[in-house]
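A look at the structure
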2 protein chains.
Amino acid sequence: MGKGKNTLSVFALGGLNEVGKNMYAIEYGEDIVLIDCGNKFPDESLLGIDLIVPDITYLLDNKEKVRALIVTHGHEDHIGGIPFFLKQLPVPVYATRFTLGLIELKLKEHKLLRESKLIEINPNSNVKIGQMEISFFKVFHSIPDCLGIVFHTPEGNIVHTGDFKFGLTPANKEYSDIHRMAEIGKEGVLLLLSESTNAERPGFTPSEQIVAGHLEEAFMKADGKVFVTTFASNVSRIQQVVHVVQKTNRKLVLLGRTMVNVVKVAMELGILTVPAGMIIEPQEVNEMSPKKIAILCTGSQGEPLAALARLSTGDFRDVDVYPGDMVIFAAGPIPGNERGITTIVDNLYELGANVIYGSGSTSGMHVSGHGYQEDLKLMLTLMRPQYFIPIHGEYRMLYHHRLLAESVGVEKGNTFILKNGEVLDIEESIPRQLRTIPVGNTYIDGGEVGDLEYVLRDRKQLSEDGMLMIIITINKEDGELQADPEILSRGFMDENFAKLRKEVNRITMETIQELQIENRIKRNIIKKQIKKNTRQYIYKYAKKKPVIVPILIEL
Amino acid sequence: MGKGKNTLSVFALGGLNEVGKNMYAIEYGEDIVLIDCGNKFPDESLLGIDLIVPDITYLLDNKEKVRALIVTHGHEDHIGGIPFFLKQLPVPVYATRFTLGLIELKLKEHKLLRESKLIEINPNSNVKIGQMEISFFKVFHSIPDCLGIVFHTPEGNIVHTGDFKFGLTPANKEYSDIHRMAEIGKEGVLLLLSESTNAERPGFTPSEQIVAGHLEEAFMKADGKVFVTTFASNVSRIQQVVHVVQKTNRKLVLLGRTMVNVVKVAMELGILTVPAGMIIEPQEVNEMSPKKIAILCTGSQGEPLAALARLSTGDFRDVDVYPGDMVIFAAGPIPGNERGITTIVDNLYELGANVIYGSGSTSGMHVSGHGYQEDLKLMLTLMRPQYFIPIHGEYRMLYHHRLLAESVGVEKGNTFILKNGEVLDIEESIPRQLRTIPVGNTYIDGGEVGDLEYVLRDRKQLSEDGMLMIIITINKEDGELQADPEILSRGFMDENFAKLRKEVNRITMETIQELQIENRIKRNIIKKQIKKNTRQYIYKYAKKKPVIVPILIEL
């Protein structure tokens with residue numbers, strides 16, 4: 001069937017059957033409005049790739065219809081793709097103040113800030129696009145300034161929840177606006193898109209208040225410095241830490257670029273209050289008594305390049321972890337990151353630290369920002385949608401969310417578990433799921449902060465651009481090279497390959513020496529650095545951009 | 001310091017700072033007795049390696065002293081290295097009946113059974129080796145027939161707990177022998193070696209009985225076939241399943257070679273009771289009503305080659321998962337395996353199954369076999385050791401175990417957190433930790449069941465034997481090859497490399513076609529199969545054994 005003029009169409013370019021890379025679209029008549037544009041990290045099978053963002057081919061083919069990008073909140077899986085998106089398809093971006101702050105940080109790094117059109121919104125804003133009137137409502141999540149979105153169309157109202165939980169006792173009084181949600185539900189919701197992350201977990205999401213008490217307890221017991229690692233964007237958690245730091249009469253140090261930047265933005269926007277004089281520089285740490293020091297640092301997910309990983313191997317300038325220091329993981333492990341985290345925990349124990357970690361429920365230092373089953377049922381009940389598309393989750397999460405919807409009265413058959421690219425068309429209140437639009441992954445090579453030489457590829461390009469493999473064999477114990485690096489190429493030709501090989505060899509060995517490999521954590525640092533240095537060299541020398549794949553074999 | 005004639009020495013060749021590859025040694029005078037010989041799986045950095053076992057160089061250099069291998073129980077991380085060990089250093093092996101049954105299965109596969117000396121022991125046995133009298137005591141674990149060991153030496157008594165928990169209501173009445181443990185403690189324990197796996201978890205390990213009730217509930221609710229996946233060696237769990245299958249009037253099918261073999265051994269030894277006529281063949285499944293069928297299958301850890309993974313992709317001959325069938329994960333995810341498991345769960349949901357999974361505490365279908373903190377404290381209290389070496393764990397687990405020991409009265413400074421190879425010498429009751437013996441990993445290439453062409457390498461050989469890399473680029477969606485496979489070699493020369501490359505190319509493409517790649521699960525199947533086929537060919541053709549590294553790039 002064709003798509004009539006007054007058809008409402010809803011689809012995802014990312015975020016379904018996956019956690020990450022969220023990008024949804026509401027299309028009515030000649031207008032497409034996008035919701036969020038996030039990124040995702042590759043799993044081990046995608047060698048040579050650093051980041052994945054949604055493939056926007058369909059949007060580029062329909063660019064005259066794409067009107068705006070609305071961003072629900074500032075987490076990476078919702079904003080991480082924005083610079084790459086705007087570079088190809090500049091449209092106005094609507095977001096709240098704090099979210100804009102985080103987006104601006106990214107655009108600055110990509111040198112896109114000046115030409116971008118960023119429009120600040122709040123829960124009371126109204127935006128008109130084509131025949132759609134768009135309003136908003138406040139939701140509570142593990143980052144400040146989050147919104148849900150209501151699209152008022154002639155076909156009916158579509159609600160997108162953003163990421164949420166019902167934090168009935170939020171740390172900073174940022175309540176979810178239940179009254180507004182009830183009003184919206186009363187007006188009538190044709191279609192609800194609601195996030196499914198914790199749809200497998202029974203009960204209500206535990207309250208933020210739990211953490212405050214545990215933090216205080218821990219600080220009181222601490223004999224030396226206290227390190228707290230958490231997500232820089234979790235401002236309410238950081239506020240709790242600041243409160244306890246003040247109570248225990250300590251100074252506060254911020255370690256990790258993201259932590260420094262985001263705290264700065266939050267303070268400037270008045271979302272985070274830090275007593276004057278509390279924050280000191282890393283260099284001052286060793287001049288003061290350890291009992292007077294608290295440190296907020298990045299790296300709660302075991303990220304090899306973040307502050308905590310480097311602290312755990314004694315590789316952070318100015319600051320060390322000493323016996324008797326305390327390290328608190330005030331963030332839960334995102335599934336998949338457990339191994340990297342336990343390696344750091346082991347290292348910290350070997351340094352003599354007292355480590356508080358584990359999933360939130362065991363250590364009490366973290367609660368999820370995503371609604372558990374009762375939160376999700378409450379949203380469904382408030383919204384009372386006729387149709388439902390569970391979003392933001394892997395298949396089993398979407399599946400469970402459908403069960404929840406049916407348990408609170410959404411009729412069987414009215415919930416649609418879609419895949420990315422599958423379109424739900426609604427015309428005269430009749431939903432049809434019959435067509436798909438092209439979707440996929442765009443692979444980013446490089447693309448880290450400040451890496452303006454990143455390369456964007458689609459699947460075809462990835463298999464055509466050629467590949468350079470650098471095989472490094474190192475001694476697992478002391479990081480010594482066991483053999484010269486091997487440089488192998490596939491589909492990548494250069495007249496003077498011998499010279500190139502020799503030079504890449506040299507770059508590799510130099511990089512390794514600089515990084516003085518010692519343990520497992522360093523493995524990823526080595527690979528990233530070798531990739532970066534090699535890519536720069538090859539582009540400079542051969543003007544080519546093969547996929548660089550360092551393969552590290554540890555013996 | 002030298003090692004005097006009456007020095008008691010204790011060290012590990014594997015199992016410290018790691019979970020896996022357990023191998024401990026008690027040395028007194030001219031006699032060395034080994035405890036366990038397990039294996040470990042490599043992490044992603046060790047390309048081309050299938051299995052890791054302890055490096056026994058030190059034992060080979062002192063082979064005239066090595067008297068026996070005592071095995072505490074039949075889990076892979078305690079017996080998986082035995083065939084490779086006995087092949088190099090044949091000594092008598094002491095183990096209980098069920099444990100011997102599992103060891104025999106392995107030795108049969110390696111064609112070592114006939115020449116091996118296997119001696120059956122039980123909790124009342126006594127073994128004299130040199131000046132050591134060795135006795136045993138029963139412990140409860142997640143596999144039948146487990147023992148702890150007591151070494152009575154002139155220097156004092158050393159106790160090794162094996163793996164244990166205090167299951168006060170075990171399913172099959174296999175109680176831990178607390179009375180015997182109390183006697184041993186009363187006699188006096190110089191040194192205790194106790195396993196640390198769950199030393200981070202507060203409380204007592206939950207009881208097995210929890211599972212029985214939940215299993216029954218689930219079976220009662222099931223509309224179609226019920227699949228239960230669990231460890232084949234967890235005979236008490238299997239007994240619970242058999243009980244419920246009988247109660248719900250179903251027939252039972254065993255899927256997966258390990259499941260079939262181990263159930264057979266357990267039934268022959270009288271440890272598992274299955275009503276006559278309950279077990280039927282897979283081929284009979286489709287002739288019966290689904291409500292009459294229960295299936296026990298391997299694959300609870302997401303293993304790509306095991307039964308459950310193949311069932312989840314419709315690749316199991318004779319048996320399919322249909323909408324309405326139930327799948328129960330009656331085993332907890334071993335840390336690191338979560339991703340593989342959730343992929344299978346997603347697949348099963350897409351097939352329309354009702355899946356019960358999650359960590360034991362959420363689904364109630366599994367409890368750990370390892371003692372939590374109160375179990376460990378109880379063991380320490382019963383044994384009242386003077387000195388303590390926490391074993392069987394990563395650093396943080398050993399660390400926590402030391403805290404537990406100190407909390408129940410082991411004097412500060414009397415607990416030794418060792419690394420593999422670090423020796424504790426005790427002479428005239430004075431412990432000294434001053435020397436180390438060589439330890440390491442032995443890498444097994446191949447070595448899977450029936451793979452008699454496996455290759456054993458140490459670190460040096462791994463970097464010298466040369467490597468053949470096979471790079472395969474496939475389409476993530478449909479498994480189609482995106483380009484011809486690339487064959488690259490490093491340090492592996494052959495005169496007719498062009499011919500070899502062409503043949504390996506052909507083998508690779510054939511293997512892929514046979515396996516009809518469809519999703520992520522298949523990735524590991526492909527790599528294993530390509531490796532196997534390629535290794536066979538190269539050995540046959542070139543009489544060489546390079547490390548084969550298939551690299552799969554999915555786009």
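Just so you know, the residues in each chain are numbered from 1, in the order the chain's sequence is written. Chain labels run from A onward and ligand labels from 1 onward, assigned in the order the entries are written. The predicted nature of this model means local features are confined to residues of pLDDT at least 70 and side-chain atom pairs, given and counted, to a pLDDT of 80 or more, with totals for whole chains, interfaces and linings taken over all residues. Excluding hydrogens and water, the side-chain figures rest on all heavy atoms present in the structure.

1. Details of the overall build of chain A
Selection rule: Numbered from the N terminus, helices here are DSSP runs of H or I no shorter than four residues, and strands are runs of E no shorter than two. Values of the radius of gyration come from C-alpha atoms, whereas the globule rule sets the reference at 2.2 Å times the count of residues to the power 0.38. A contact between two residues is defined here by any heavy atoms of the two lying within 4.5 Å. Only the protein chains shown count as cover for residues, with accessible areas throughout obtained via the Shrake-Rupley method and a probe of 1.4 Å. Charge counting treats Lys and Arg as positive and Asp and Glu as negative, with His and both chain ends excluded. Charged side chains are reduced to one point each, which is NZ for Lys, CZ for Arg, CG for Asp and CD for Glu.
Each helix and strand in chain A was counted, giving 16 helices and 26 strands. Its C-alpha atoms give chain A a radius of gyration of 25 Å, near enough to 24 Å, the size a compact globule of 555 residues would have. Of the contacts formed within chain A by residues at least 6 apart in sequence, a portion of 72% connects residues at least 24 apart. Surface summary for chain A: the accessible area is close to 21,400 Å², and the carbon and sulfur share equals 49%. Between the mean site of the 63 positive side-chain charges and the mean site of the 71 negative ones, chain A shows a separation of 2 Å.

2. What to know about the domain arrangement of chain A
Residues and elements named next belong to chain A. Quick reminder of the rule: By convention here, the domain bounds are inherited from an automatic or database domain assignment. Here the quantity called buried area is the total loss of accessible area, with a 1.4 Å probe, experienced by two parts when brought into contact, counted for both. Within this document, salt bridges are pairs made up of a side-chain nitrogen of Lys or Arg and a carboxyl oxygen of Asp or Glu, the two lying within 4 Å of each other. Within 3.5 Å is the distance limit for a polar contact, defined as a pair of N or O atoms, with the added protein rule that one can donate a hydrogen and the other accept it, and that residues adjacent in sequence qualify only through two side-chain atoms.
Parsing chain A into structural domains produces domain 1 (8–203 + 368–448), domain 2 (209–363) and domain 3 (455–554). Taking the mean C-alpha position of each, domain 1 and domain 2 sit 31 Å from one another. Where domain 1 abuts domain 2, roughly 1,200 Å² becomes buried across the two surfaces, and 68% of that area is made up of carbon and sulfur atoms. Counting every contact that joins domain 1 to domain 2 gives one salt bridge. For Glu 109, the salt bridge goes to Arg 257, with nearest N and O atoms at 3.3 Å. Taken together, domain 1 and domain 2 are joined by two residue pairs in polar contact (both at pLDDT 80 or more).

3. Points about the sheet that holds strand β8 (residues 126–129) of chain A
All names here are of chain A. Here is the rule: Following DSSP output, two strands are said to pair if at least two bridges run between them. For helices, the fitted axis covers only the stretch in contact; all axes are lines through C-alpha atoms, and the angles between them, taken along N-to-C directions, range from 0 to 180 degrees.
Pairing in this open sheet of six strands is mixed, and the strands run β8-β9-β10-β11-β12-β19 from one edge to the other. Looking along the sheet, the strands with just one partner apiece sit at the ends: β8 and β19 (387–391). The average undirected angle you get between the axes of adjacent strands in this sheet is 20 degrees. Looking at chain direction, strand β11 (residues 156–160) and strand β12 (residues 191–195) are connected through three bridges and run parallel. When the sheet's bridge partners are listed, His 160 is paired in β12 with Leu 193. Contacts between helix α5 (residues 178–187) and the sheet are confined to β9 (132–139), β10 (146–153) and β11, with β9 contributing the most and set at about 145 degrees to the helix.

4. Some thoughts on the sheet that holds strand β22 (residues 441–445) of chain A
Residues and elements named next belong to chain A. Pairing is antiparallel across the open sheet formed by three strands, whose spatial order is β4-β22-β23. Here the strands that pair on one side only, and so sit at the sheet edges, are β4 (51–54) and β23 (455–457). The average undirected angle you get between the axes of adjacent strands in this sheet is 30 degrees. As paired elements, β22 and β23 share three bridges and run antiparallel to each other. Directly across from Tyr 443, in β23, lies its bridge partner Arg 457.

5. Some points on the pattern of salt bridges
Residue and element names in this part refer to chain A. Filter applied, for reference: Throughout this description, buried means an accessible area under 20% of the type-specific maximum (1.4 Å probe, protein chains only), exposed means over 50%, and partly exposed covers the range between.
Tallied over the entire structure, the rule returns 48 salt bridges over all chains. Between Glu 216 and Lys 247 there is a salt bridge, with the nearest N and O atoms lying 2.7 Å from each other. Residue Glu 216 is found in helix α6 (residues 209–221), and its partner Lys 247 is found in helix α7 (residues 235–247); the two are separated by 31 residues along the sequence. Taking the relative accessible area as the measure of exposure, Glu 216 reaches 21% and is therefore partly exposed. Its salt-bridge partner being Arg 506, residue Glu 510 comes within 2.5 Å of it at the nearest N-O pair. In this pair, Glu 510 and Arg 506 are both assigned in helix α15 (residues 497–515), four residues apart and thus about one turn of the helix distant.

6. Points about the side chain of Asp 31 of chain A
Residue and element names in this part refer to chain A. Following the sequence through the fold, Asp 31 ends up in strand β3 (residues 31–35). Since its relative accessible area comes to 10%, Asp 31 is described here as buried. Separated by 2.5 Å, the side chains of Asp 31 and Arg 67 make a polar contact.

7. Things to note about the UniProt feature "binding site: Zn(2+) 1" (unreviewed entry) in chain A
Residues and elements named next belong to chain A. Condition: UniProt positions are given in the numbering used here, feature names are shortened, and annotations may be inferred rather than shown by experiment.
In the UniProt entry, the feature "binding site: Zn(2+) 1" (unreviewed entry) is given for His 73, His 75, Asp 77, His 141, Asp 163 and His 392. Spatially, the listed residues are clustered: although they cover 320 residues, their C-alpha atoms lie within 14.2 Å of one another. Mapping His 73 onto the fold places it in the loop between β5 (66–70) and α2 (76–79). Under the relative-accessibility criterion, His 73 is labelled buried at 0%. Not counting chain neighbours up to four residues away, the residues in contact with His 73 comprise Asp 36, His 78, Ile 79, Thr 99, His 141, Ile 143, Cys 146 and Asp 163. A polar atom in the side chain of His 73 sits 3.0 Å from the side chain of Thr 72. Within the element layout of this structure, His 75 appears in the loop between β5 and α2. Judged by its relative accessible area of 16%, His 75 falls in the buried class. Apart from residues lying up to four places away in sequence, His 75 is in contact with Gly 80, His 141, Ser 142, Ile 143 and Ser 233.

8. Some words on the side chain of Asp 77 of chain A
Residue and element names in this part refer to chain A. With respect to the secondary-structure elements, Asp 77 resides in helix α2. Here Asp 77 sits buried without a salt bridge, and the closest side chain of opposite charge, Lys 106, lies 10 Å off (N-O distance). Among the polar contacts listed, one links the side chain of Asp 77 to the side chain of His 392, at a separation of 3.2 Å. Apart from the residues within four sequence positions on either side, Asp 77 is in contact with Gly 20, Lys 21, Asn 22, Gly 38, Asn 39 and His 392.

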